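# Structure assessment
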Amino acid sequence: MSDHTSETPRPEDAPEGSQRSEGSELSEMSERAGRPGTAAMSKAAMPEPRGAAAEPPKVPVSGQQDGPQRPPNPRQQGRPQASAVSRLRPANPPAIRTATLCSVLATAILSALLLGDGLGPNLLIVAVPAALAAYFAAQAAGRRLRPWTGVWAVGGLALLAVPALRDAGWPTFLAVVSAVALGSLALHGSRSWLGVFLGSLGLFSSITDGLAWGGRGVRERMAGSRGRLGVVFRTTGVAVVLLIVFGALFASADAAFADVLGNLIPDVSVGDSPWRLFLFVIGLVGAFAAAYSAAAPVRWDGITVRPGKASGRLEWALPLIVLNLLFAVFIAIQLAVLLGGYDKVMAETDLSYSQYARQGFWQLLWATLLTLLVIAIALRRAPRGRGNDRTLVRSVLGTLCLLTLIVVASALRRMDLYVDAYGLTRLRISVAAMELWLGVVLVLIMAAGVFGARLLPRAVAASAAAAVLAFGLVSPDGLIAEQNVQRYRNDHSIDIDYLQGLSADAVPALDTLPEPLRSCALKDIQRSLRSSDTPWYAKSWGEARARGILRKRGPNDLAQSCDASRTSGGGSDRGGDEDDQYDPYDPY
């Protein structure tokens, strides 16, 4: 008998054989449950009361199963699981630097002072300290500047130049949204399709963590330098008092200095304090989120999408080949129309010139979008089993992309006829620009089939940003006014009511109209500019140019009646389209 059993007292009533059987059963149970046998023996060695019968050991449910299983830990069950974003984010960033905090504070103050009066060059001014905050945070975390990061950052700043140049609100909105998306991509640096999409929105995932990170940095500095904070506050207060006192004296002494000072200092009143406070919070939260994303970016490329199940060759290729044949037949008919002339088509179809132009564009636009969807699904289900499957995929999809490019050209030609019949509007120039960008995407897909698809997601994102930038720089409202003025010179047809709703970017073109159309077209624009006193930091170059043109006009030049000068908004003497007095498909 071992030393361990000899020291253990034995019950008098229990026979020796029962003790051995109970110990053997307990040892077997401890081996099944995965626990040391000594623990089971020590539990079995406890003396039982006299006269009590020995009970067989109760085997737990986990011991009856095939494999060893541990009971669940209640502490682990109560602990919250890490979110998907926290698993994709690297370790906690280093402590926030003083330079980062100062840049964040400057962003919040400038947002409150400058952004309350409209959008213009002030967006670029506010973006500078926000970019510096992200730069200092990335430098503290040891991140290096990569080529694509520089591309996204430069592109985002370039897009913010659109509000500084153009007065129209709709291209400004597109530019600001695209600038935020590019800035988020610059901070996260994704490269896959899903990573680029989520990376463009990833800035919002850092709002909560960024505020907590910045709050810890502020508390640490306040706890370690309470005496120095008092010195800073006193020095700042004295400087502000001196500026106010002497600035007021100089402004009252010289009118030119007062005018310059009044233009430079933002006009802040008590009535718009809630609005200014809201802009301060927005600037503070955005700058902290950008800095935290730069210090600890989320690796969105870690979210992987399983490739689709590969289809057989015949199952995959036959529908696409049929679609290619349909595209080829349509393109052949379009070529026949181009060679035979539109007069023959209109005679055979009983369609007017404008109806033929209006009928086809929207269908071709949808055909282009659906083709891109078909290409995406086909690439996901493409055969991958044999060596020459890649050649098959390139041949079939390359042919489809090439035929779709010809469809894009046909759609743009339809839009040209459409504009020639009815004039250019915001909706028409927008969808035409979108169709042109879809053609660029098709070219990029074809290039990816030849050179590889590794850069395709970022190339598509860059092309979209470049399209938005070009769209804003060409001044859409200016182009609309120029085309309608030229159309009036050709066939004396113009829609003054529509042109009155354009922005100040259209003033240079509308100023060339003969009177009284010139005064009628500029009446509402001049009234809007006179009623608004926009400061320099919220005034675009387009607005400043329009004010300069309208300043040369006498106050009574716009007082003429416009009712007798209005002409038909639609119609054209081309193709005998006399019944189309307006375009019901474009209310904008």
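### Overview of the overall build of the protein chain
Broken down by element type, the protein chain carries 27 helices and zero strands. Within the protein chain, the proportion of its 588 residues that are buried is 37%. Taking the contacts inside the protein chain whose residues are at least 6 apart along the sequence as the reference set, 79% of them involve residues at least 24 apart. Total accessible area on the protein chain stands at roughly 33700 Å², and carbon and sulfur atoms take up 63% of it.

### Examining the pattern of salt bridges
On inspection of all chains with the given rule, the structure shows eight salt bridges. In this structure, Asp416 engages Arg413 in a salt bridge whose closest nitrogen and oxygen atoms are separated by 2.7 Å. Here the residue Asp416 and the residue Arg413 both occupy positions in helix α20 (residues 389–422), the gap between them amounting to three residues, near one helical turn. Look at the salt bridges and you will find they share partners, linking Asp511, Glu515 and Arg518 into a network.

### Re the environment of Ala294
Topologically, Ala294 is positioned in helix α16 (residues 273–295). Judged by relative accessible area, which is 2%, Ala294 ranks as buried. Apart from the residues within four sequence positions on either side, Ala294 is in contact with Ala134, Ala137, Ala138, Arg143 and Leu187.

### Remarks on the nonpolar core
Counting residues in hydrophobic clusters, the biggest one holds 56 residues, and the most contacted among them are Met415, Ile445, Ile494, Leu502, Val507, Leu510 and Leu513. In terms of residue count, α20 provides more of this core than any other element does, 11 residues in total. Judged by nonpolar contacts, the second largest core, of 19 residues, contains Leu101, Ala134, Ala137 and Ala296.

### Some points on unusual backbone geometry
Here Glu515 and Pro516 are connected by a cis peptide whose omega angle stands at 5°. With respect to the element layout, Pro516 can be found in the loop between α25 (507–510) and α26 (517–531). For Ser475, which is not glycine, the phi torsion reads 60° and is therefore positive. Within the secondary structure layout, Ser475 lies in the loop between α22 (456–473) and α23 (476–491).

### Topic: a nonpolar patch on the surface
Residues Val180, Phe197, Leu201 and Phe204 make up a contiguous nonpolar surface patch of roughly 410 Å² in combined accessible area. With respect to the element layout, Val180 can be found in helix α11 (residues 169–188). By relative accessible area, which is 39% here, Val180 ends up partly exposed.

### Some remarks on the packing of aromatic side chains
Taken as a whole, this structure holds seven aromatic pairs when the rule is applied. Relative to Tyr422, the ring of Tyr418 has its centre 5.8 Å away and its plane inclined at 80°; by these criteria the two rings are edge-to-face. Placement of the pair is Tyr418 and Tyr422 together in helix α20, with a separation of four residues, close to one helical turn. Taking relative accessible area as the criterion, Tyr418 reaches 0% and is therefore assigned buried. Each ring, one from Trp536 and one from Tyr537, has its centre 5.5 Å from the other, and the planes form 85°; the classification is edge-to-face. For Trp536, a relative accessible area of 42% gives the class partly exposed. Note that Arg428 overlies the ring of Tyr418, its terminal NZ or CZ placed 5.0 Å from the centroid.

### Observations concerning the environment of Ile445
Turning to its location among the elements, Ile445 is positioned in helix α21 (residues 426–451). When near neighbours in sequence (up to four residues on either side) are disregarded, Ile445 contacts Leu372, Ile375, Cys401 and Leu456.

### Details of helix α9 (residues 147–159)
Taking 1.5 Å as the rise per residue, α9 with 13 residues should run 18 Å; its terminal C-alpha atoms sit 18 Å apart, in good agreement. Of all the positions in α9, only Thr149, Trp152, Gly155, Gly156 and Leu159 are classed as buried. Down the axis, α9 shows its buried residues gathered within 135° of arc, on one side only. For α9, the exposed residues lying more than 90 degrees away from the buried face are Pro147 and Val154. Those residues of α9 hidden inside the fold are in contact with α10 (161–165), α11 and α22.

### Some words on the confidence of the model for the protein chain
Per-chain confidence: the protein chain averages 76 in pLDDT, with 67% of residues scoring 70 or above. Contacts of residues 1–70 to residues separated by more than four positions or lying in other chains number 29 contacts, the stretch itself having pLDDT below 50. Long-range and interchain partners of residues 72–81, a stretch whose pLDDT sits below 50, account for one contact in this model, where long-range means more than four residues apart.

About the thresholds
Residues numbered from 1 in each chain as written. Predicted model: local features only at pLDDT ≥ 70, side-chain atom pairs only at ≥ 80, totals over all residues. Heavy atoms only, no water. Helix = DSSP H or I, 4+ residues; strand = E, 2+ residues; numbered from the N terminus. Buried < 20%, exposed > 50% of the residue type's maximum accessible area, 1.4 Å probe, protein only. Contact = heavy atoms within 4.5 Å. Areas by Shrake-Rupley, 256 points an atom, 1.4 Å probe, with all protein chains shown as cover. Salt bridge = Lys/Arg side-chain N within 4 Å of Asp/Glu carboxyl O. Core = buried A, V, L, I, M, F, W, Y, C linked by side-chain atoms within 4.5 Å. Patch = residues over 30% accessible without salt bridge, like charges linked within 9 Å, V, L, I, M, F, W, Y side chains within 5 Å. Phe/Tyr/Trp six-rings, centres within 6.5 Å; stacked < 30°, edge-to-face > 60°. Lys NZ or Arg CZ within 6 Å of the ring centre and 35° of its normal. Expected span 1.5 Å × (residues − 1). Arc of directions from axis to C-beta. pLDDT = per-residue confidence, 0-100.

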